[in-house]
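Chain residues, written in single-letter form:
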Amino acid sequence: FQALSAIGFCWEFHETAWDDMLDDLKDFHKRHGHFRVPPKYKDSPKLCIWLRRQKRLFTKTGGVEDLNHELGENEAAEAKLPPNMTAERAEKLQAILGPDL
């Protein structure tokens, strides 16, 4: 464990992969000025599918305000979240996409 940690092994692969896709989305917006990622976008072929999934998961949560309200009142509410959507991720998406979410 310590040897792997010492060489920078990533223990949070899914979180890192999610953040990498978010960075790709930021780069796309910086280049194109919008969030309408085409299917099979050559610089990040999976970005369109990833973004659609994130929007769908965000919608299922009821949005950041609902998440924060539920989680503030009841820690068990985290279990109600769809797989792969956390309050932190929802906040990051809303901060970037705003009304496009």
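Quick summary incoming for the structure in this document. None of these values were measured; they are calculated from a predicted model.

## Observations concerning the packing of aromatic side chains
Two descriptors summarise a pair of aromatic rings, namely the distance from one centre to the other and the angle between the planes of the rings.
Phase 1: Tallied over the full model, the rule gives two aromatic pairs.
Phase 2: Arranged with centres 4.9 Å apart and planes meeting at 85 degrees, the rings of Phe 28 and Tyr 41 form a pair that is edge-to-face. Here Phe 28 is found in helix α2 (residues 13–32), whereas its partner Tyr 41 is found in the loop between α2 and α3 (47–61), with 13 residues between them in sequence.
Phase 3: By relative accessible area, which is 10% here, Tyr 41 ends up buried.

## Points about the nonpolar core
Phase 1: In this structure, Leu 25, Val 37, Leu 47, Trp 50 and Leu 93 are the most contacted members of the largest nonpolar core, which totals 18 residues.
Phase 2: Those elements giving two or more residues to this core turn out to be α2, α3 and α5 (87–97).
Phase 3: Counting residues per element, this core draws most heavily on α3, which supplies six residues.
Phase 4: Beyond its immediate chain neighbours, meaning those up to four positions away, Leu 93 contacts Trp 18, Leu 22, Trp 50, Gln 54, Met 85, Gly 98 and Leu 101.

Definitions and cut-offs
Residues numbered from 1 in each chain as written. Predicted model: local features only at pLDDT ≥ 70, side-chain atom pairs only at ≥ 80, totals over all residues. Heavy atoms only, no water. Phe/Tyr/Trp six-rings, centres within 6.5 Å; stacked < 30°, edge-to-face > 60°. Helix = DSSP H or I, 4+ residues; strand = E, 2+ residues; numbered from the N terminus. Buried < 20%, exposed > 50% of the residue type's maximum accessible area, 1.4 Å probe, protein only. Core = buried A, V, L, I, M, F, W, Y, C linked by side-chain atoms within 4.5 Å. Contact = heavy atoms within 4.5 Å.

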